[in-house]
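As a plain string of letters, each chain reads:
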Number of protein chains: 2
Amino acid sequence: MSNSVQQSGGGAGKSQGVPSPRQLVSALVADGLLTDPDSPRGRLLNAAARLFEQKGFARTTVRDIAAEVGILSGSIFHHFASKEEILCGVMREVTVFARARMEQAVARAGTPRQQLRACIVCELEAIHGLAVPGFSILVVEWRSLSPQSQKRVLRLRDDYEQLWRDVIAAAGNPCEDPALARRLLLGALTHTHTWFKPRSRGLSLPELADRVLQLFAPAG
Amino acid sequence: MSNSVQQSGGGAGKSQGVPSPRQLVSALVADGLLTDPDSPRGRLLNAAARLFEQKGFARTTVRDIAAEVGILSGSIFHHFASKEEILCGVMREVTVFARARMEQAVARAGTPRQQLRACIVCELEAIHGLAVPGFSILVVEWRSLSPQSQKRVLRLRDDYEQLWRDVIAAAGNPCEDPALARRLLLGALTHTHTWFKPRSRGLSLPELADRVLQLFAPAG
DNA sequence: TTGAATACCAAGCGCTTGCTTGGTAGCGTT
DNA sequence: AACGCTACCAAGCAAGCGCTTGGTATTCAA
């Protein structure tokens, strides 16, 4: 259990070594991969992500989202063509950020087994809102997206999944099929969303990660 | 907690050997645990289950459900107090039936490991619409239920889960915590809903069940 | 023959929804 | 000073929603 929650560094610090979440966002914004969270569009995306996660897409109204950032509902449509476009935007941003974060964590890990553990921790943190706000929307609200929007998000999503599959394959897994292992693992991890409370006493997140790792890579 | 597999005796279908699904339904109807599927209420529940599974609760209108059984939308409210009551009813019926079915399968299996496999097969079949229509609604639409409705369904749901936990405990599992194992397993199995196609060539359902069993009870 | 119960129709109410329209205030550029 | 761009407001439309109301046809027991 070395480690592993990196410290979320202070606001502006240009540090050497491990970049903070905020620095990662800035870098991705600079690369044009993420929307600036301080722009009107970015603020709307963040507010929508929060609400979609809390109440679900269908029960979140554009009026809710607008109120969250302090504008009127109609004004939203100067930034997005439709409500679904907002969901689509949220999913794209979440996917890009989660992938970048996991890439970092893998690069920082040592052995293949530690890399797999890093992925598990990463995704658990994301699912439980400790690192990637809105991540659970990707799973829960997938059906709220139209087929063509699904296609667009799926391309980014596959980058994320490919990283997982590579790590699993390198770690050597019990069922000898990285894609299958990932699918079972993904299900197990996302479902923790409904029962696991990372802040409660009892099972901690790193402990849970170890249990899962033990299951999917028993050679420990 | 020991226990608990009793066979739910039939009110009506007195056959020897293994009862068919239809006989099981009849028995449960006779015991007052299930709504007669030929009654107006039963027909509505079945239609609603089908639609909720296809399009989701939020995007299914009471007009859709009414049209499915050939009545007008207003007439629904002579059978249910609200749309949510329909969802609640569907979930209760699905849970009761799935539990009875799994009980049968467990009773029919030999060793504890075979019992665990029977549970896995049972749930996979349920999830993929091969045995318990509407089962996936239990997972996907859980948040569409009001807190008090959730409580009511949860009581039935816990019977179902207890059966699982007993079987897992008896089989001896890798992480020595039946509740945790069940949760990870539940996530893995329900998530197959999004990717596994039981009718396609490639991985078959029994094969998938074996892979999962191997993972959660490696002592094979 | 009556009366109550069941199952449904016909019509529509009141509300919420996503989204549109026309206009304006502020700001940076030329 | 004039322009254009961004960001937003004020007002409201059309459609769809869950649900209500008042009434009718059928059935069956008393």
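Structural data are supplied above this passage.
Fair warning: this is a prediction, and the values are worked out from it, not measured in the lab.

Q: What is the right way to look at the pattern of salt bridges in this model?
A: Close approach of charged atoms allows side chains with opposite charge to pair. Going through the model one piece at a time under the given rule, you end up with 20 salt bridges over all chains. A salt bridge links Arg50(B) to Glu68(B), with the shortest nitrogen-to-oxygen separation between them at 2.8 Å. Placement of Arg50(B) in helix α2 (residues 40–55) and of Glu68(B) in helix α3 (residues 62–69) is noted, with a sequence separation of 18 residues between them. Notably, a salt bridge pairs Glu161(B) with Arg157(B), separated by 2.8 Å at the nearest N-O pair. Taken as a pair, Glu161(B) and Arg157(B) lie in helix α7 (residues 147–171) at a separation of four residues, close to a single helical turn. Note on Glu161(B): relative accessible area 9%, which makes it buried. Connected through shared salt-bridge partners, Glu123(A), Arg157(A), Glu161(A) and Arg182(A) make up one network.

Q: Hey, could you run me through the protein's contact with DNA strand C in this one?
A: Residues in close proximity to DNA strand C total 17 residues, the closest being Thr61(A), Lys83(A), Leu72(B), Ser75(B) and His78(B). Protein-adjacent atoms of DNA strand C, using a 4 Å cutoff, are sugar or phosphate at a proportion of 52%. Lys83(A) places a polar main-chain atom, nitrogen or oxygen, 2.6 Å from a phosphate oxygen of DNA strand C. His79(B) is positioned such that a nitrogen or oxygen atom in its side chain is 3.1 Å from a phosphate oxygen of DNA strand C. Each residue belonging to the surface near DNA strand C can be placed in one class, and the counts come to five nonpolar, nine polar and three charged.

Q: What's the story with helix α5 (residues 112–127) of chain A in this structure? I'm lost.
A: Along an α-helix, a turn takes 3.6 residues, which lines up residues three or four apart on a common side. Residues and elements named next belong to chain A. For α5, spanning 16 residues, the distance from its first C-alpha to its last is 23 Å, which sits close to the expected 22 Å at 1.5 Å a residue. Here α5 lies mainly inside the structure; 13 of its 16 residues are buried. Among the residues trailing α5, Gly 129 stands out with phi positive, at a value near 70 degrees.

How each quantity is defined
Residues numbered from 1 in each chain as written. Chains lettered and ligands numbered in written order. Predicted model: local features only at pLDDT ≥ 70, side-chain atom pairs only at ≥ 80, totals over all residues. Heavy atoms only, no water. Salt bridge = Lys/Arg side-chain N within 4 Å of Asp/Glu carboxyl O. Helix = DSSP H or I, 4+ residues; strand = E, 2+ residues; numbered from the N terminus. Buried < 20%, exposed > 50% of the residue type's maximum accessible area, 1.4 Å probe, protein only. Near = heavy atom within 4 Å. Polar contact = N/O pair within 3.5 Å; in protein donor to acceptor, adjacent residues only side chain to side chain. Nonpolar A, V, L, I, M, F, W, Y, C, P; charged D, E, K, R; others polar. Expected span 1.5 Å × (residues − 1).

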